[in-house]
Amino acid sequence: LPYSIIQVFLLKFITLLTDFGLQDGYPGVMKGVIWGIAPEAQIADLTHFIHPHNVLEGALVLGRAAPYFPAGTIHTAVVDPGVGTQRRPIAAWLGNFYFVGPDNGLCSVLLERAQEWGEKVQIIHLDRPRYWLPEISSVFHGRDIFAPVAAHLANGVALAELGTPLNDPVYLHLPVPQPLDHGWQGEIINIDSFGNLSTNLERKHIPEPGKVNVLIAGEKINGLVRTFGDGQPGELVAIMDSSEHLSICLVNGNASQRLQSRVGDAVVVKF
Amino acid sequence: LPYSIIQVFLLKFITLLTDFGLQDGYPGVMKGVIWGIAPEAQIADLTHFIHPHNVLEGALVLGRAAPYFPAGTIHTAVVDPGVGTQRRPIAAWLGNFYFVGPDNGLCSVLLERAQEWGEKVQIIHLDRPRYWLPEISSVFHGRDIFAPVAAHLANGVALAELGTPLNDPVYLHLPVPQPLDHGWQGEIINIDSFGNLSTNLERKHIPEPGKVNVLIAGEKINGLVRTFGDGQPGELVAIMDSSEHLSICLVNGNASQRLQSRVGDAVVVKF
Amino acid sequence: LPYSIIQVFLLKFITLLTDFGLQDGYPGVMKGVIWGIAPEAQIADLTHFIHPHNVLEGALVLGRAAPYFPAGTIHTAVVDPGVGTQRRPIAAWLGNFYFVGPDNGLCSVLLERAQEWGEKVQIIHLDRPRYWLPEISSVFHGRDIFAPVAAHLANGVALAELGTPLNDPVYLHLPVPQPLDHGWQGEIINIDSFGNLSTNLERKHIPEPGKVNVLIAGEKINGLVRTFGDGQPGELVAIMDSSEHLSICLVNGNASQRLQSRVGDAVVVKF
């Protein structure tokens, strides 16, 4: 009993995802604000290296990471080129966890997934300044609005208490693979720090993994491998990555450098 | 009551600011040392990307971040080109929080602010090795002296117990704006990872934000905007930043790259 | 008594060392998985900037950092070019703390030190999927196997319970200094973010620190200094670094850039 009480009352998980980088101390400031309101919060950095203002990249990384956190985790995301304008600050319950951040599509991947799976979704326009810092700058809502709101959620304040219900959130248009004769045309949606090229092609686009051809940048890859060890060092391979997307990788190397690939480049699966 | 006891006894916040980078594991080692002495400490990284040996930059980032942490937070800062020399290790109470680090001006911004506001200041020369690690290297006092001292503070050891009072701390000479006919000449004091150019000019130097001209690198900016959204993408704007300093920014872009600006470059306000 | 109970039951320390970088959110995902199983775990990042697939570098950084953490800390390390192949996942007790990671030599420095000091060593092949995530990808065992295993250790699951004893771990061949007439030939084993060149030469190779000559890249350094302050700015000095290895440094500068040095380059001590 005491143990479960401690779990319920003391352990609240908050994540931070931003495009702030780690040079200037901004993510640290958000942690200070959170602990000032919710001293028991446990805070994890997802990443602060989203490319500046790249809301789509933020949405994809958040969509990949969020499901691995405990139920009830408060994901606080700030990629916010519209800070200080009319764009609305929001908080949301998305089936299994909270999102706190700007209403610019940053939660699109999580939101669409929750809706697709028929889970409960509740979105709130954050319009009650009593849950914010006393002074609000026009350039750092991560510190002044989103961190305090995340902390109040961690303290058990009800989502509906934080503002007004909202039914028209901004959606990002996520790139969708296009059907071809005997195949699909997808594209690169993320390049990780190893140079692996993650695409928007999923299992459903690849009926027979051993028999498809993958075409990228003038190269043809015959079939998918199950693991990097199934290829030779320096060989270009296609593989289902850790988020179950088709990924093009160079064994023990950097596919992005080898192919000079960029996000948005076409990747075709033929069968 | 139990909740407040837990807060008081279990939750102690320590921050780390260094120029160590994140490649070599040094900040992690400091966390290990802290937890070995104060297992209940909650530790936040402010930044480890202060440019090597740039004490002024460290002092400015610390000055901006520290006020947002809970009262009593222990700010541990190590930008320490004089490590192993006669420069003194210090700990200090600066009005509302602790500072632990080298006596080289790294706490100047916090110290001058506390003095300006008439807050209690107490500075201690750390000269009692019983509060350090058993063996002291001549190159890593962050691990051997500052982390253990921060941990003992978190455990409730009184500041005065850690060493001898000190009344002549090293001050950094912070650049001060110079008055002009109908204006002020300031300078760039920080460039953040977005390329925004923060200056030492504050509200008191800008009587009518809508009417001043801001001169930088041969460009003239007419008036301040209240938010990035008041400018056009690609437009150079002047704005009060999140630490209430005048900042020159490129809307949805990088002002530092566009203007080829460096810390120390002149910025003039004319009215 | 209550305090010690809290320490024993609530505070469990886990570190993460990887070559994932901080761009893609992978270390954050590992924290989510850990907290889902062991909500009371305290997690510190050692580094995520090991050069991709550089197992030796990972082993050296881990060997330097691990001893500074509290007894019982669970060091989780993932530099894993063989992920998804036949290489075994392991967990080990190495005298004073746990290691969790791939069986590719990543724990070699810790393992050899524990054996040299006659400490208890127990290595387990992780072959019980009930302690892993339900679904195992072939590319991200940090998330699917190592994070859950670390969390179960933090929860008090016995090491032996996690798999089958293993007696033939993979060892890395660490470079060993070679004796010369009146000296030793060592090599650079690590270059830190300040550009300091750490070597595999230790105190035992340097009988009289004030009288030896250190030869590197055509330069001759006369004697070791005790601290950076004993050299002039811009002077090349030799010094025992914070892990008690001979290190070549440029006072207030970057020795790696000045000497164009790389890991593996020869460093000679003559006496």
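Sequence order as written defines residue numbering, which begins from 1 separately in each chain. By the order in which they are written, chains take letters starting at A while ligands take numbers starting at 1. In view of the model being predicted, local features appear only for residues whose pLDDT reaches at least 70, and side-chain atom pairs are presented and counted only at 80 or more, with totals across whole chains, interfaces and linings using the full set of residues. Computation of side-chain values: all heavy atoms of the structure, hydrogens and water removed.

Novice: If you had to explain the relation of the copies chain C and chain A to someone new, which residues and values would you point to?
Specialist: Rotating chain C by 120° and translating it 0.0 Å along the rotation axis places it on chain A, where the RMSD comes to 0.0 Å. Seen this way, the second copy is the image of the first under a three-fold rotation axis. Relative to the rotation axis, the closest C-alpha in chain C is found at Gln42(C), a distance of 5.0 Å. Residue by residue, only 6% of the interface of chain C is reproduced at the interface of chain A, so the copies engage with different surfaces. Superposition of the copies was done by least squares, using only C-alpha atoms of residues whose pLDDT is at least 70 in both. Any two residues whose heavy atoms approach within 4.5 Å are treated as being in contact.

Novice: An account of the confidence of the model for chain A is requested, with residue identities and associated values reported.
Specialist: The predictor reports its confidence for every residue as pLDDT, a score running from 0 up to 100. Across chain A, the average pLDDT comes to 93, with 96% of residues at 70 or higher. Complex prediction metrics read pTM 0.92 and ipTM 0.91.

Novice: Residues and numbers for the sheet that holds strand E6 (residues 121–125) of chain C, please.
Specialist: Residue and element names in this part refer to chain C. Any two strands with at least two DSSP-identified bridges between them are counted as paired. Numbering goes from the N terminus for both helices and strands, where a helix is a DSSP run of H or I of at least four residues and a strand is a run of E of at least two. Taking strand neighbours across the sheet as the criterion, the seven strands line up as E2-E1-E3-E5-E4-E6-E7 in an open arrangement whose pairing is mixed. Across the chains shown, the open sheet's two edge strands, defined by having one partner strand only, are strand E2 (41–47) and strand E7 (164–165). Relative to strand E5 (residues 98–102), strand E4 (residues 89–94) is paired through five bridges, and the arrangement is antiparallel. Residue pairing for E5: Pro-89 is matched across the bridge by Pro-102. Strand contacts of helix H4 (residues 108–116): E4 and E6, with the helix running at about 140° to E6, the strand carrying the most contacts. Axis definition: a line fitted to C-alpha atoms, limited for helices to the stretch in contact. Angles are taken between N-to-C directions and run from 0 to 180 degrees.

Novice: Quick one: what's the story with the sheet that holds strand E3 (residues 74–78) of chain B, residue by residue and with numbers?
Specialist: Pairing is mixed in the open sheet, where seven strands are placed in the order E2-E1-E3-E5-E4-E6-E7 (chain B). Pairing within the sheet leaves two strands with one partner each, and these edge strands are strand E2 (41–47) and strand E7 (164–165) of chain B.

Novice: Can you tell me about the pattern of salt bridges, naming the residues and giving the values?
Specialist: By definition, a salt bridge exists where a carboxyl oxygen of Asp or Glu is found within 4 Å of a side-chain nitrogen of Lys or Arg. The final tally for this structure, using the stated rule, is 24 salt bridges over all chains. Between Glu244(B) and Arg203(B) there is a salt bridge, and its shortest N-O distance comes to 2.9 Å. With Glu244(B) in the loop between strand E13 (236–240) and strand E14 (245–250) and Arg203(B) in the loop between strand E10 (197–202) and strand E11 (213–216), this pair connects stretches of sequence that are 41 residues apart. We call a residue buried when its accessible area falls under 20% of the maximum for its residue type, exposed when it is over 50%, and partly exposed in between, using a 1.4 Å probe and counting protein chains only. What makes Arg203(B) partly exposed here is its relative accessible area of 47%. Here Asp80(C) ties to Arg87(C) by a salt bridge, and the two come within 2.7 Å at their closest N and O atoms. Taking the relative accessible area as the measure of exposure, Asp80(C) reaches 9% and is therefore buried. Residues participating in the shared-partner salt-bridge network are Arg88(A), Asp103(A) and Asp168(A).

Novice: Please set out the relation of the copies chain B and chain A residue by residue, giving values where relevant.
Specialist: Mapping chain B onto chain A calls for a rotation angle of 120° and an axial translation of 0.0 Å; the resulting RMSD is 0.0 Å. An overlap of only 6% is found between the interface residues of chain B and their copies at the interface of chain A, pointing to separate contact surfaces.

Novice: Before we move on, could you go through the interface of chain C and chain A and cite the residues and values that matter?
Specialist: Across the contact, 31 residues belong to chain C and 35 residues belong to chain A. Interface of chain C and chain A: buried area, both sides summed, is about 2800 Å²; carbon and sulfur atoms make up 61% of it. The three residues of chain C that bury the most area against chain A are Gln23(C), Trp35(C) and Pro39(C), which together make up 23% of that side's buried surface. If you look at where chain C meets chain A, you find zero salt bridges. For this analysis, a polar contact is any N or O atom pair within 3.5 Å, provided that within protein one partner can donate a hydrogen and the other can accept it, and provided that sequence-adjacent residues contribute only side-chain to side-chain pairs. Run the count over chain C and chain A and you get 13 residue pairs in polar contact (both at pLDDT 80 or more). With eight residues, helix H2 (residues 26–37) of chain C is the largest single contributor of residues to the side of chain C that touches chain A. Accessible area, probed at 1.4 Å, shrinks when two parts are joined; the buried area is that loss added up over both.

Novice: How would you sum up the packing of aromatic side chains? Please name residues and give values.
Specialist: Here is the rule: rings of Phe, Tyr and Trp (six-membered ring for Trp) pair when centre to centre is within 6.5 Å. Planes less than 30 degrees apart are stacked, more than 60 are edge-to-face, and the remainder are tilted. If you walk through the whole model with that rule in mind, you get 17 aromatic pairs over all chains. Their ring planes at 20° and their centres at 4.6 Å tell us that Trp35(A) and Phe13(B) sit as a pair that is stacked. Here Phe13(B) lies in strand E1 (residues 12–18) and Trp35(A) lies in helix H2 (residues 26–37), a pairing that spans two chains. Centre to centre, the rings of Phe20(C) and Tyr26(C) are 6.0 Å apart; their planes meet at 80°, and the pair counts as edge-to-face. You can call Tyr26(C) buried: its relative accessible area is 14%. Ring pairing ties together the aromatic residues Phe20(A), Tyr26(A), Phe140(A) and Phe194(B), which thus form one cluster.

Novice: Which residues make up the packing of helix H2 (residues 26–37) of chain B against helix H5 (residues 141–154) of chain B, and what values do they have?
Specialist: Residue and element names in this part refer to chain B. The geometry of H2 relative to H5 is characterised by a closest axis approach of 8 Å and an angle of 40° between their N-to-C directions. Considering their axes alone, H2 and H5 lie oblique with respect to each other. In this structure, H2 meets H5 at a crossing whose hand is right-handed. Across from Val-29, Met-30, Val-33, Ile-34 and Ile-37 in H2, the residues of H5 making contact are Gly-142, Arg-143, Ala-147, Pro-148, Ala-151 and His-152. For the contact of H2 with H5, the per-class residue count stands at eight nonpolar, two polar and one charged. Any angle from 65 to 115 degrees is called roughly perpendicular, while one under 35 is roughly parallel, one over 145 is roughly antiparallel, and all others are oblique. Here a crossing is called left-handed whenever its near helix is offset anticlockwise from the far helix by less than a right angle, and right-handed whenever the offset is clockwise. For this classification, Asp, Glu, Lys and Arg are treated as charged, while Ala, Val, Leu, Ile, Met, Phe, Trp, Tyr, Cys and Pro are nonpolar and the rest, including Gly, are polar.

Novice: Please give an account of the environment of Val170(A) that cites residues and values.
Specialist: Residues and elements named next belong to chain A. For Val-170, the position within the fold is in the loop between strand E7 (164–165) and strand E8 (178–180). C-alpha of Val-170 to C-alpha of Pro-102: the two residues are 68 residues apart in sequence and 9.5 Å apart in space. Not counting chain neighbours up to four residues away, the residues in contact with Val-170 comprise Asp-103, Asn-104, Gly-105 and Ser-108.

Novice: Break down the packing of helix H3 (residues 55–65) of chain B against helix H4 (residues 108–116) of chain B for me, citing the residues and quoting the values.
Specialist: Residues and elements named next belong to chain B. Contact geometry for H3 and H4: axes closest at 7 Å, N-to-C directions at 50°. One way to sum up the angle between H3 and H4 is to call them oblique. When H3 is examined against H4, the residues Ala-59, Leu-60, Leu-62 and Gly-63 are found in contact with a partner set consisting of Val-109, Leu-110 and Arg-113. Considering only residue class, the contact of H3 with H4 consists of five nonpolar, one polar and one charged.

Novice: Describe unusual backbone geometry, with residues and values.
Specialist: With phi around 50°, Ala217(B) is a residue other than glycine that occupies positive phi space. Secondary-structure assignment places Ala217(B) in the loop between E11 and strand E12 (219–222). A relative accessible area of 52% means that Ala217(B) is categorised as exposed. Phi at Glu244(C) takes a positive value of approximately 65°, unusual for a residue other than glycine. A residue is classified by how much of its surface remains accessible, and Glu244(C), at 35% relative accessible area, is partly exposed.

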